[in-house]
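# What the coordinates show
What follows is the residue order along each chain.
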Amino acid sequence: MELENLLKKHFGYLSFKTGQKEAISAILNGQHTLAMLPTGTGKSLCYQLPGYVFDGSILIVSPLLSLMQDQVEQLGRLGEKRVVALNSFLSLEEKNYVLDRLQDYKFIFISPEMLQSSFILQKLRNLAISLFVVDEAHCISQWGYDFRPDYSKLGEIRKSLGCPLTLALTATATRKVRKDIIQSLGIEDAVKVESTIDRPNIAIWIEEIEGYQKKTDRVLELAAKLEKPGIIYFSSKKMAEQMALLLEEKNNCNASAYHGGLDQDTRILIQQQFIHNQLDVICATSAFGMGVNKENIRFIIHFHMPMQIESYLQEIGRAGRDGLASIAYLLYSPGDEQLPFQLAESELPSEQQIDWLFHELEIGHGIKGDALQFNQGTQERGGFSEVQWRLVENLLRKEAKEKSSLLDCKESIKEFVNERITMKKKNIYQMLQWILSNRCRREFLLNYFEEQVTSRIEQCCDICGIDEKNYSASHKLRKNHLGKIEWKEYLAGLLLNSELRE
DNA sequence: TATGATAATTAGTAAATTATCATAGCGTCTACTT
């Protein structure tokens, strides 16, 4: 059957979006594929459609529980019942039930952590997997080295599953990250489907603002003026909370904070409220956004700078999925880069901590046979954070297998940590360089992803010049003058603006 | 978590030491698993 017919039959669409057809054709040809498709262009279709062509099951590695739930529901709405998410939401009974009937499921979603369970892996080995999918594959590169080490083990997992046909999906990956993904998964011969990272309907505006208080005032001003809904990104949970309160008090707008420190239920609730237009503004940390399919987000403000250009693009990419004009502000105060630098260092263990740990190992809290055993509380006494400890444990286990002496182990762990810190710092410097540059913002970003500017757009960036009025709430009112006018909100906005000027 | 203001304590009723409390603080992100 023609691909278009399949598309119509199972999904009700008449034509493919950019890149979808190329990726799907490659998969159906039996070629490993790395597909870099812009956000909101239906990446999931790239494995859903082949699911109806292939006989076996599709195994999808997904980074977030909420993302898995979303995908399960989405497939459910399309009338597909053979879907399951294998994660900790399942009770033990449910999990056993599912594991006993794996072959009955067409689409199986799973986290990289779950794949580390030998019991589950054994069950999966007995299953006919026709396609192994890594969704949000840049996580391999972004998280795999330290934050979620299980991401870096997907290549091994894939091998132990018999090297099934593989599809890696992502929206933003530099050439280096793409290479990293391909190497890590062991799919060197993969077909690459690459589309531009440019989002012409998102204007980019960078503003240098002296001091923290002025920045706060500017955010309040922007949030009052700009057409909503919008997201404001922070690198601090506390700041996100404070700003949400300020927005509610001073701007009388529906705002809420969102960060990893909130419990699961609250997070789901806030995300739902935002998607259903009950909230105008989300004050978030980097925890918010992945898998949030909201079409009409009109602005993104960065109160703090992200730690790398890829993260910035992912975050602003959440605006304007409907194709309408949207704007991304980044507010920079000299010295802001200190925060990401400190974060980068605190994620990894220090040299002293590593020395201390190896001293512990030498004096007998050491290696028994193959197993590394630490006394309880070693993590605490060494002052290791959860992330640092996980990283060290993982590295030790890996290095102990390969290296003969403790000293060799120590040196190679130090080397690894140094390399990571250098990498992270380099990323921050590049971000900073972009902020401080006076070249066209878009051109710089495109070049960073080794793309060229093909055409100049009218509403580009602060360097090329844009008309800020295009993005204000009152502009929308004029534009929709013949339609429904929400006077109450309009007047409230005017009032707030005049209050702010005083 | 340090800082500073105020209060309480003490063989010595004036001044130094210690206790208590409120407050500001260059600011610290990301997920899965039992």
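Residues numbered from 1 in each chain as written. Chains lettered and ligands numbered in written order. Predicted model: local features only at pLDDT ≥ 70, side-chain atom pairs only at ≥ 80, totals over all residues. Heavy atoms only, no water.

You'll find chain A entered in an unreviewed UniProt entry as ATP-dependent DNA helicase RecQ, with Neobacillus rhizophilus given as the organism.

## Details of empty space enclosed by the protein
In this approach the atoms are scanned with a rolling probe the size of a water molecule, which exposes any empty space left behind. Threshold: The way it works is a 1 Å grid over only the protein atoms, where trapped points that fit a 1.4 Å probe form a cavity and open points with protein on both sides within 12 Å along at least five of seven lines form a pocket, and then any residue with an atom within 4 Å of a point lines it. Grid points are joined across faces, edges and corners, and a volume is the space filled by probe spheres set on the points. Domain start and stop positions are those given by an automatic or database domain assignment. Secondary structure elements follow DSSP: runs of H or I of four or more residues count as helices, runs of E of two or more count as strands, with numbering from the N terminus.
Enumeration over the complete set of coordinates arrives at three cavities of 30 Å³ or more. Put simply, the largest cavity is a space of about 100 Å³. The wall of the largest cavity is formed by Pro38, Thr39, Ala171, Thr172, Thr196, Ile197, Asp198, Arg199, Leu313, Gln314 and Gly317. When residues of the lining of the largest cavity are assigned to domains, at least three fall in each of domain 1 (3-194) and domain 2 (202-336 + 437-501). If you add up the space inside the second largest cavity, you get close to 90 Å³. Forming the boundary of the second largest cavity are Ile197, Asp198, Arg199, Ile202, Ile204, Leu313, Ile316, Gly317, Arg442, Leu445 and Leu446. Per element, the largest residue contribution to the lining of the second largest cavity is three residues, and it comes from helix α19 (residues 441-448).

## Structural notes on the protein's contact with DNA strand B
So the rule is basically this: We call a residue near a given molecule or strand whenever any one of its heavy atoms falls within 4 Å of it. N or O atoms within 3.5 Å of each other form a polar contact, as long as, within protein, one can give a hydrogen and the other can take it, and as long as residues adjacent in sequence are counted only when both atoms are side-chain atoms. Gly falls in the polar group here, along with every residue not listed as nonpolar (Ala, Val, Leu, Ile, Met, Phe, Trp, Tyr, Cys, Pro) or charged (Asp, Glu, Lys, Arg).
The full set close to DNA strand B counts 29 residues, and Leu65, Tyr212, Gly260, Glu347 and Arg390 are the nearest of them. Sugar plus phosphate: this is where 60% of the atoms of DNA strand B within 4 Å of the protein reside. Within the side chain of Lys95, an N or O atom sits 3.0 Å from a phosphate oxygen of DNA strand B. Breaking the surface near DNA strand B down by element, the ones donating at least two residues are α14 (338-347) and α17 (386-402). Looking at the surface near DNA strand B, the element that brings in the most residues is α14, giving five residues. By residue class, the composition of the surface near DNA strand B is 10 nonpolar, 11 polar and eight charged.

## Description of helix α15 (residues 351-362)
Our working definition: What a helix is expected to span follows from its residue count: subtract one and scale by 1.5 Å. Burial classes follow relative accessibility: with a 1.4 Å probe on protein chains only, a residue under 20% of its type's maximum area counts as buried, one over 50% as exposed, and anything between as partly exposed. Directions are taken from the helix axis to each C-beta atom, and the arc is the one they span.
The end-to-end C-alpha distance of α15 is 17 Å, a good match for the 16 Å that 12 residues give at a rise of 1.5 Å each. For α15, every residue scored as buried is listed here: Gln353, Ile354, Leu357, Phe358, Glu360 and Leu361. With its buried residues spanning 150 degrees around the axis, α15 presents them on a single face. Of the exposed residues in α15, the ones pointing more than 90 degrees away from its buried face are Gln352 and Glu362.

## Describing the sheet that holds strand β13 (residues 326-332)
The test is simple: Only strands joined by at least two bridges in the DSSP assignment are considered to pair. Axis definition: a line fit to C-alpha positions, over the contact stretch in the case of helices; interaxial angles, taken between N-to-C directions, run 0 to 180 degrees.
Spatially, six strands are ordered β8-β13-β12-β9-β11-β10 in an open sheet, and the strand pairing comes out parallel. Each end of this open sheet is capped by a strand with a single partner; those strands are β8 (202-208) and β10 (255-258). Pairs of neighbouring strands in the sheet enclose a mean axial angle of 15 degrees, with direction left out of account. Summarising the sheet, β8 and β13 pair through seven bridges and their orientation is parallel.

## Points about the nonpolar core
In a soluble, globular protein the nonpolar side chains are often hidden away together inside. Using the following cut-off: Side-chain atoms within 4.5 Å link the members of a nonpolar core, which is a set of buried Ala, Val, Leu, Ile, Met, Phe, Trp, Tyr and Cys residues. Contacts: residue pairs with any heavy atoms within 4.5 Å of one another.
Ranked by internal contacts, the top residues of the largest apolar core, which has 79 residues, are Ile110, Leu124, Phe288, Ile309, Tyr312 and Trp434. Top element by residues in this core is helix α18 (residues 406-436). It accounts for five residues. Structurally, this core is a two-domain feature, drawing no fewer than three residues from each of domain 1 (3-194) and domain 2 (202-336 + 437-501). With near-sequence residues (within four places) excluded, Ile110 lies in contact with Leu59, Ile60, Val61, Ser62, Met68, Leu86, Leu115, Ile120 and Leu124. Listed in part, the 29 residues of the second largest apolar core include Leu7, Ile27, Ala35 and Val133.

## Re the UniProt feature "domain: Helicase C-terminal" (unreviewed entry) in chain A
As a reminder, the rule being used: UniProt positions are given in the numbering used here, feature names are shortened, and annotations may be inferred rather than shown by experiment.
Those residues carrying the UniProt feature "domain: Helicase C-terminal" (unreviewed entry) are residues 218-362 in this numbering. What you have in residues 218-362 is 44% helix and 16% strand, and the ends, taken at the C-alpha atoms, are 55 Å apart.

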